Amino acid sequence: MASSPGAVSVSGLTSPRDCINIVVDAWNDMIETENESLRERVSDLEKKALDQGDEIVCLRSTLADVLRRLTLLENAVNSRGGLSPSSTGTVTPVRNGGFRGALNNHISQLKDGPLGGSRLRQPMYHQSSVESNNSIKEIAHRSNVPTALPQRRGVHYQSTGSLHSDSPSSNSVSPVPTSPSPTHTPPPRVSPSPRQSQPPTPTRSTNSNLHFAKRWSSTGDFNNSPHNGGSMNSRLATKSLLNLNVRVQSPHNMLKHGTRDATYNEEEKILRMFLRGRPIILYAPSSLAETYDITKVTTPPQSKLKLDWVYGYRGRDCRSNLYLLPTGEMVYFVAAVVVLYNVEEQSQRHYLGHTDDIKCIAIHPNKLLVATGQCAGHDRRESRPHIRIWDSVTLNTVAILGAGDFERSICCISFSKADGGQLLCAVDEANDHNISVWDWQKGERGQRITETKCSVDTVIAAEFHPLERNCIVTCGKSHISFWTLDAGGTLYKRMGIFENRDKPKYVTCVAFNHLGDVITGDSNGSLIIWARGTNTVSKLVRGVHDGPVFSVCALKEGSIVSGGGKDRRIVQLDSQLNASGLERQVPDHAGGIRVISEGRGSQLLVGTTRNCVLVGSLSMGLSTALTGHLDELWGLAVHPSLPQFVTAGYDKSLNLWDSMSHSLIWSKDLSEAAQSAAISPDGSIIIVGCVTGHWFALDSQTREIFTTHADGAEPIQVIKFSPNGQFLALGSRDNNVYIYQCGGDTRKYNRVGRCMTERKRKRSSSLTSFLGHSSFITHLDWSADSQLLRSNSGDYEVLYWNAGLCRQVPQSSSMRDVEWASNSCTLSFETIGIWPEGADGTDVNFCDRANNKKLLATADDFGKVKLYTYPVTQPRSLCHSYGGHSSHVTAVTFLHDDSRLISTGGKDTAILQWAVV
C-alpha cells in the first residue's frame, strides 16, 4: 500500500523524507556546534600563536576538512533528494538559502504534515539515531575523504625490564594498560550523539561474585565518577566530531602527578604512583601488605621543630644590613630570616614573618622598631614583595606595607628621622625604580602618600635626612638625587651636579655628618661632601680607597669611617674628611667591606662581601663573629657520634661546625666546587665529591687530603659509606654508581666496579632490554648488612644492586623486606606520602630518617622543611611545615642523637639548625 507524503514506514526502512529529517537533525546540531567552537578556539589560539602555532595549523586543517566534508555531504544528499515535497511524492530542488536553508524549509513543511512535529521527532532520540549515524558514516565513506581530526592513540611507555622502570634507553615498547586491574575489560563504545540514551549495562551470568571483586584500591577512584568528569572522559574517548568543541588540556596538564592517582594492588601487594606521567611501582613490605589501606590518612608527628640557630649572613649582594640594637643584639638577615644575635651571650632570636628573600632593613629612630623588605617569591599570593614593620623586643608584626603594590622587590628603605619616624620611604627594584613614601602608622596596612619614578638606572641607597623634614637622598648608577616632599604629598627631585669633576659610574653609599651635610662614597674610591640644602659638591677627596667605597658611617663623636670593597681597608677621617691616620685591613678570607655600623663604645660592626661579620675597633683589631658560605650549598653530612656536621658548596670551601657551641671548628679551601659530602662510620674520614667528577678523602682532625680519585667527568651527586665502613658508594651525574672497597684504616680505596647500564638480550626474543639507570643518580641507601644498595635517579627509577658484584637485582619484588640502614631515597614505599598530589618529581630534593625511625624530614624546592611520622606509607600524610629558607632546600639531616635537624639552602647559602621538641 502506498504511503502518504508525511507517513513513516512501519518496517525498518525509511522514506527519503525521513532520511532527510534524520540527516538534518544530526548535522544541523553538530555542524553549528562544531563551527562555533572551532572558530572560537582558532581565535583564542591565534592570540597564543607564539606558543601554540602548530596547534593552530592543525585546527585550521581540521576546520577545512570539516567544511570539505560538509560540501561533499551536501552534494550527496542533493543527489539523493535534498528536495521539496510535492503532492505526487516527488521532490524538486530548493535554492533559497542553499543546502541548510533547503533542509530547514523541508523540516518546517514536514512538521505541518499529518504526523506532526512531535510524532516525527520522537523516534530520532531512540532507534532513528542509530540509523542517522549509519547514514552519516555511509555518506562519509562514499566521499572517501581522509579525516584530519586528531585520533586517540594508545599511549606507550618504555621498559628497562623492571616493573618500576620506563627508561628511555629501552628498546622494548609495550602499551600502558587502561586500568590497573589485570582482568580489565574494555568499556563499551559510546555513541557520538550527545542526546543518545545510555545503553543498558551488560550483566554477567555467573554463580560467583569474584568477577566483581575489586583488586585495586585507589586514591583517585572518584575521578571516574560521572559527577567528576567520568562522562566527559567517555565522550572524549570517542572519535566523534562533537569532541572538537571540548577544550583539550595541554599535554603537561594531562600528565599524572604525585599521589593523586596512586593505586594499590591487593593481590600483588604493589603500589603504583605517577611522576610526570611515568608510573612508579613500589613494593609493600610483608608486615604492611595484608592490612594496608591506601585511603587512610597519617597524622602529623607529635614532635615539632623549632629554629635553634642560623649560620650565615647576606653580605655578598646586600648593603646597609647590619645594626646594633639597644638590647645588645646585632640585627641582620639571611635567606628569609631576620637574626638578632647577642655575641656576648651567644644567643639568637629570629623573626620569621617573611616568606622569601629579605633584601633590606631599616631601624626606627626609637631603636625598637625594625622594617624589613622582601622580594617576590614562588607563591604569587603569599610571597608578594612587601615591607614588614615589627617590634624587636616581642618579635610581633606591627604593620605590613605594600602587599600587591610593589612589583619586584624592595631594594632600600628608610624611616624619617626629623619627625620621629612617622614616614617610611621605599624603592621598588622594578624597571622604573619607583620611590614611594608611606604613612606606616595608619592602620595595619599603612597608607601610601605618594609614588613616583626614581631613576631608570639602578638605585643603591635611599635615606631620610636626619635634620630636615621631608628631605630624602637617593643614589645609584651615575646619579645622586635630592628629594623634597611638600605638604600636598608630591615629591620634587633635584639631581646632584658634579660640574667639571669626574662623574663616578656609581654613587655607592650615603651618610650625614653632625652638621647635616651629605657624604657620599663612589666607585672611584672618592668621598664627596654635599653642603646641607644644596645639590652641588662642597668638597671632594680623591683616592681614599683603591677601588669602590661600599660603606660610609658617621660616628656619634663626629668622625667618619669608610670601608673599601676592593682594598678591604677601614679608614677613619674627621667630619671634614681629613685623614686621621687610623685604619685597619680585614683578612683576605673575609672579603671586602660591605657595611660598617657603629657598635658599643668604640666598637664597629663590619659586614663583608664574603658573608662574614667582624666585631672590634680600629685600635684593637677585629675578630670574626660569624661566617657563612658564599655560594650555592649542596654538601651536608653529620658526625656519627659527635654533635658536629660538615657543609660543602660551590664556593670551594669545606666547613666543620659544632652544633652545641654554634661555632665553626675549621674551614678548608678546596681546589674545586663541592657537590656532596660524607663522613665515615668512625668519624675519622671526610669524603667530598666535586662537580668535575673528582673526590677527595680528608682527615677530619688534620684537614689533610690524603687521596684523590676521579670517576667520570660529571658531578658526584651523592656519597654513602656502608654501615660496616668497608664500602663507599658514589652516585654520579653520568648515570653510574661507583663502588669502592675501603682499607682497614679507611685510607685506601680500591674500586670494586661501577653499577651501570648494560644490555641484556632475551633468548626467546630478538628484543634487547637495558639494566641500570638511564639518568643521573640522585639518592643512595645501603642495606643494614652492607650487601645491597638502593638508588634513585633523575628519571624516577628505583633500582637495587648487589654491591659486591656491582650487578642489578632485577627482581625488585624480592627487595620488599630488606632492612635499610638509612632512608634518603625519596622514592620508596616508606616515603610515598612526602610527594604532594601535584608533585612533578623535582619538588622534593632530599629526605632523611631519624635514627630512632620515628621521624622523617624532607627538603623541597619551595624553601620548606617538613616533618613527618615515619614510615610515610600513606599517600595522604599530614606533616609540620617550616619556612626560613628563601631558596630550594638542598639537604636535611638529623644529628646522631636526633636532638637536632640541619637543613641547607641552595642559593640562599643559609644553614638552619632546628631543635626537635
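Residues numbered from 1 in each chain as written. Predicted model: local features only at pLDDT ≥ 70, side-chain atom pairs only at ≥ 80, totals over all residues. Heavy atoms only, no water.

Looking at an unreviewed UniProt entry, one finds the protein named Echinoderm microtubule-associated protein-like 2 isoform X1 and attributed to Thrips palmi. The Subcellular location (unreviewed entry) field of the UniProt record for the protein holds the comment "Cytoplasm, Cytoskeleton". For the record of the protein, the UniProt heading Sequence similarities (unreviewed entry) holds the text "Belongs to the WD repeat EMAP family." (UniProt positions renumbered as here; feature names shortened; annotations may be inferred.)

Caption draft 1: Quick look at the sheet that holds strand β32 (residues 560-564). Strand order in this open sheet of 4 strands is β31-β32-β33-β34, and the pairing throughout is antiparallel. With partners counted over all chains shown, the strands left at the sheet margins are β31 (549-554) and β34 (579-585), one partner each. Neighbour-to-neighbour, the strand axes of the sheet open up by a mean angle of 20°, direction not taken into account. (Pairing = 2+ DSSP bridges. Helix = DSSP H or I, 4+ residues; strand = E, 2+ residues; numbered from the N terminus. Axes fitted to C-alpha atoms, helices over the stretch in contact; angles between N-to-C directions.)

Caption draft 2: Molecular detail of the nonpolar core. Of all hydrophobic cores here, the largest spans 43 residues; its most connected members are Leu322, Met330, Tyr332, Phe645, Val892, Leu901 and Trp914. Counting residues per element, this core draws most heavily on strand β10 (residues 305-311), at 5 residues. Residues in contact with Val892, not counting those within four places in the same chain, are Leu636, Phe846, Cys847, Asp848, Ala857, Thr858, Ala859, Val865, Leu901, Ile902 and Ser903. By size, the runner-up hydrophobic cluster in this structure holds 30 residues, among which are Leu275, Leu827, Ile832 and Tyr868. (Core = buried A, V, L, I, M, F, W, Y, C linked by side-chain atoms within 4.5 Å. Buried < 20%, exposed > 50% of the residue type's maximum accessible area, 1.4 Å probe, protein only. Contact = heavy atoms within 4.5 Å.)

Caption draft 3: Layout of the environment of Arg448. Its location among the elements puts Arg448 in strand β22 (residues 447-453). When its relative accessible area of 35% is taken as the criterion, Arg448 is described as partly exposed. Distance in space between the C-alpha atoms of Arg448 and Asp405 is 9.5 Å, their sequence separation being 43 residues. In this structure, Arg448 is in contact with Asp405, Ser436, Val437 and Trp438, ignoring residues within four places of it in sequence. Within polar-contact distance, the side chain of Arg448 engages the side chain of Glu451 at 2.8 Å. (Polar contact = N/O pair within 3.5 Å; in protein donor to acceptor, adjacent residues only side chain to side chain.)

Caption draft 4: Just the pairing of strand β13 (residues 337-342), in detail. Most of β13 sits out of view: 6 of its 6 residues are buried. On β13, burial covers both faces: Val337, Val339 and Tyr341 on one face and Val338, Leu340 and Asn342 on the other are all buried. Here strand β12 (residues 330-334) pairs with β13 via 5 bridges, running antiparallel. Residue pairing across strands places Val331 opposite Leu340, the latter belonging to β13. The turn joining β12 and β13, which pair antiparallel and follow one another in sequence, is formed by 2 residues; a positive phi near 55° is taken by Ala335. Here 5 bridges tie β13 to strand β14 (residues 347-351), and the two strands are oriented antiparallel to one another. Residue pairing for β14: Val338 is matched across the bridge by Tyr351. Counted along the chain from β13 to the antiparallel partner β14, the turn is 4 residues long, and its residue Gln346 has a positive phi close to 50°.

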